[in-house]
Amino acid sequence: MFTVRCDSCGFKFYASRRPKTIKNVINAWGGTCPKCMSPLSPKPIKIFLKIENGKRQEVWGEFLV
Ligand SMILES: [Zn+2]
């Protein structure tokens, strides 16, 4: 599962088996977090990857738009 969360409040912007670019996720929400109203800037943000292939693996990573 590919998950993108708000760095401020943890709101889940996107969750799917298919990875999506951060820019597309930000654009889909209009550039603002609907929960904490913080602007989503196109800078490296933290995302949370959970890969389920027999073993669960949780990785924090920073992705540049
Ligand atoms: Zn937020």
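Residues numbered from 1 in each chain as written. Predicted model: local features only at pLDDT ≥ 70, side-chain atom pairs only at ≥ 80, totals over all residues.

**Q** Report on the overall build of the protein chain, specifying residues and quantitative values.
**A** Scanning the protein chain from N- to C-terminus turns up one helix and four strands. In the protein chain, the order of α-helices and β-strands from amino to carboxyl end is β-β-α-β-β. Taken across its 65 residues, the protein chain has 12% of its residues classed as buried. Pairs at least 24 residues apart make up 31% of the contacts formed inside the protein chain by residues separated by at least 6 positions. (Helix = DSSP H or I, 4+ residues; strand = E, 2+ residues; numbered from the N terminus. Buried ≥ 20, exposed ≤ 12 C-beta atoms within 10 Å, placed from the backbone. Contact = placed C-beta atoms within 7 Å.)

**Q** Go over the pairing of strand β1 (residues 2-5), please, and point to the residues and values.
**A** Relative to strand β2 (residues 12-16), β1 runs antiparallel, the two sharing four bridges. Along β2, the bridge assignment pairs Thr 3 with Ala 15. Hairpin connection between β1 and β2: a loop of six residues separates the two successive antiparallel strands, and Gly 10 in this loop has a positive phi of roughly 85°. (Pairing = 2+ DSSP bridges.)

**Q** Hey, could you go over the environment of Ile 22 for me, with residue numbers and the actual values?
**A** If you trace the backbone, Ile 22 turns up in helix α1 (residues 22-28). Given 20 C-beta atoms within a 10 Å radius, Ile 22 is considered buried. Separated by 18 residues in sequence, Ile 22 and Leu 40 place their C-alpha atoms 10.0 Å apart.

**Q** Please set out unusual backbone geometry residue by residue, giving values where relevant.
**A** Here the phi dihedral of Met 37 falls at roughly 65°; this positive angle occurs in a residue that is not glycine. Tracing the sequence through the fold places Met 37 in the loop between α1 and β3 (45-53).

**Q** Summarise the environment of Cys 36; cite the residues concerned and give the values.
**A** Relative to the helices and strands, Cys 36 resides in the loop between α1 and β3. Accessibility expressed as a C-beta count within 10 Å gives 12 for Cys 36, which makes it exposed. With residues near it in sequence (within four places) discarded, Cys 36 still touches Cys 6, Ser 8, Cys 9 and Phe 11.

**Q** Talk me through the environment of Pro 34; I want residue IDs and the actual numbers.
**A** Within the fold, Pro 34 resides in the loop between α1 and β3. The exposure class of Pro 34 is exposed, given the 11 C-beta atoms found within 10 Å. Between the C-alpha atoms of Pro 34 and Phe 11, which are 23 residues apart in sequence, the distance is 8.3 Å. Once residues within four sequence positions are removed from consideration, Pro 34 is found in contact with Phe 11 and Trp 29.

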